[in-house]
Amino acid sequence: MSKPINDRKVAIIGCGFVGSSSAFALMQGGLFSEIVLVDVDRNRAEGEALDISHGMPFAHPCKIYAGDYNDIDDAAIIVITAGANQKPGETRLDLVQKNVAIFKTIIPQISERNYQGIILVVSNPVDILTYVTLKLSGMPATRVLGSGTVLDSARFKYILGEHLSVDPRNVHARIVGEHGDSEVAVWSTANISGIPIHDFCELRGHYDHEAAMKRIAEDVKNSAYEIIEKKHATYYGIAMTVKRICEAIARDEKTIIPVSNYQNGEYGLDDVVLSMPAIVGRGGVEYKVPAPFNAQELAQLHESAKTMKEVIETLDL
Ligand code: 6V0
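Presented here is an overview of the structure given in this document. It should be emphasised that the depicted structure is a prediction, and the values quoted were computed from it without experimental measurement. (Residues numbered from 1 in each chain as written. Predicted model: local features only at pLDDT ≥ 70, side-chain atom pairs only at ≥ 80, totals over all residues. Heavy atoms only, no water.)

## Things to note about the overall build of the chain
Note the following rule: We count a stretch as a helix when DSSP gives it H or I for four or more residues in a row; a strand needs E for two or more, and each element gets its number in order from the N terminus. Between the two quantities, the radius of gyration covers C-alpha atoms and the globule rule is 2.2 Å times the number of residues to the power 0.38. For every residue, the accessible area obtained with a 1.4 Å probe (protein chains only) is divided by the maximum for its type, and the residue is called buried under 20%, exposed over 50%, and partly exposed between those limits. Computed by Shrake-Rupley with a 1.4 Å probe, the accessible areas treat only the displayed protein chains as cover when residues are assessed. Counting rule for charge: Lys and Arg are taken as positive, Asp and Glu as negative, and neither His nor the chain ends is counted. Taken as the charge centre is NZ of Lys, CZ of Arg, CG of Asp or CD of Glu, depending on the residue.
The helix and strand inventory of the chain stands at nine helices and 14 strands. Its C-alpha atoms give the chain a radius of gyration of 19 Å, near enough to 20 Å, the size a compact globule of 317 residues would have. Taking the principal axes of its C-alpha atoms as reference, the chain extends roughly 55 × 45 × 35 Å. Out of the 317 residues belonging to the chain, those deemed buried represent 53%. When the accessible surface of the chain is totalled, it reaches about 13,900 Å², and 53% of it is carbon and sulfur. With 31 positive and 41 negative side-chain charges, the chain shows a separation of 4 Å between the mean positions of the two kinds.

## A short note on the nonpolar core
In summary, soluble globular proteins display a tendency toward joint burial of nonpolar side chains. Keep this limit in mind: Buried Ala, Val, Leu, Ile, Met, Phe, Trp, Tyr and Cys residues that are joined via side-chain atoms within 4.5 Å together make up what is termed a nonpolar core. Throughout the structure description, domain borders are defined by an automatic or database domain assignment. Throughout, a residue-residue contact means that at least one pair of heavy atoms, one from each residue, lies within 4.5 Å.
One finds I13, I78, I80 and I110 to be the most contacted residues of the largest nonpolar core, which totals 44 residues. Composition of this core by domain shows at least three residues from each of domain 1 (6–146) and domain 2 (149–314). I80 has contacts with I13, F103, I106, I107, I110, I119, L120, V121, V122 and S123, leaving out every residue within four places of it along the chain. With 37 residues, the next largest nonpolar core counts I12, L31, I245 and C246 among its residues.

## Quick look at the site of the ligand
Put simply, the rule is: Near is defined per residue: the residue qualifies when any heavy atom it owns lies within 4 Å of the molecule or strand. Here a polar contact is recorded for every N or O atom pair within 3.5 Å, except that within protein the pair must consist of a potential hydrogen donor and a potential acceptor, and residues adjacent in sequence are included only if both atoms are side-chain atoms. Each residue gets one of three labels, nonpolar for Ala, Val, Leu, Ile, Met, Phe, Trp, Tyr, Cys and Pro, charged for Asp, Glu, Lys and Arg, and polar for the others, Gly among them.
In the vicinity of the ligand, 26 residues are found, and the nearest of them are V18, D39, A84, N85 and V122. Measuring from an oxygen atom of the ligand, one finds a backbone N or O atom of F17 at 3.0 Å. One nitrogen or oxygen atom from the side chain of T105 is found 3.4 Å from a nitrogen atom belonging to the ligand. For the ligand, whose free accessible area comes to 860 Å², the fraction covered by protein is 87%. Looking at the shell around the ligand, the elements that each hand over two or more residues are α1 (17–29) and α3 (96–111). Tallying contributions element by element places α3 first for the shell around the ligand, with four residues. Residues of the shell around the ligand, tallied by class, amount to 13 nonpolar, 12 polar and one charged.

## Some remarks on the sheet that holds strand β8 (residues 184–192)
Strands in a sheet are paired, the pairing made by backbone hydrogen bonds, and the direction either parallel or antiparallel. Worth spelling out the cut-off: DSSP-based pairing: two strands are paired if at least 2 bridges between them are found.
Strand order across the open sheet formed by three strands is β7-β8-β9, with antiparallel pairing between neighbours. Edge positions in the open sheet fall to β7 (171–176) and β9 (195–196), since each of these has one partner strand only. As paired strands, β7 and β8 are joined by five bridges and run antiparallel to one another. Note on β8: the bridge partner recorded for H172 is N191.

So, in structure tokens, the structure goes:
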């Protein structure tokens, strides 16, 4: 028997930097009336819940508390941020064995309760762990998604906005593929409020497109490395990303964002999870948007998928 879903409830498993920042962002957003924090370190979850609760008189009424798996099986969304983070010099893929082992302790506790809500994976490597969650849980692919390149796309928009002195919300551009070193910047359809990117660059006095594209894509890809080098973890950008994805789901927004989702035939990709544009709403990944890519982007995407598959083959699922 599964419990009926409470649309006003969200759970976060893993209350470190990312989990607690996400809880803070969600509390401020006022989307939910109940936020449950789960961590193997119960004290940590209790401490974060108390600390965040004390901001409530300045935000929205909401119940935030530390709980266990019996408290979360009716949450509309379970966000998983548990696991090791990158240390300076480590790639996301270096985390895979440690975090798959952690997911093997988490996912069965969710699926044995016949959970009917949506799982949002955030722990890295996020595309691989979304795949692992899908396989371990046996849940439909529509209800298992990862934060993917929604964060990288935000970084892309921010850096392009700075480069062009324009509001990043007017930048329509995205990163797809792996949330990691093989990610793909989709330049072919990038535009600023409908104006093709190169035309807008020239309006702003930038003419060396090749050099700028290379530099900006590298800056986006290396953002996390730079932050980790300087402050040992990244959490505010991802917390806002978690809030944005939860909004899309909780408000049934039908928003198009590049969440990590299961590809089974799309773009010639087979049995792999990658961050690709999808319509996200109450049902999770409701529709995979067939985005146009040029030949180079498609080739890069296939390289990204190959990297993911090589890692998946090393896993004992
Ligand atoms: P952290 O601060 O070390 O927190 C991890 C938390 O997970 C700790 O509080 C642990 O106690 C807890 N934990 C470990 N095992 C379990 C378990 N079995 N059940 C419940 N809780 C557990 O790490 P941080 O918060 O910085 O990072 C968490 C994860 O998010 C890492 O894998 C990061 O690489 C990943 N990030 C993902 C991003 C993305 O864009 N997808 C961005 C930033 C970080």
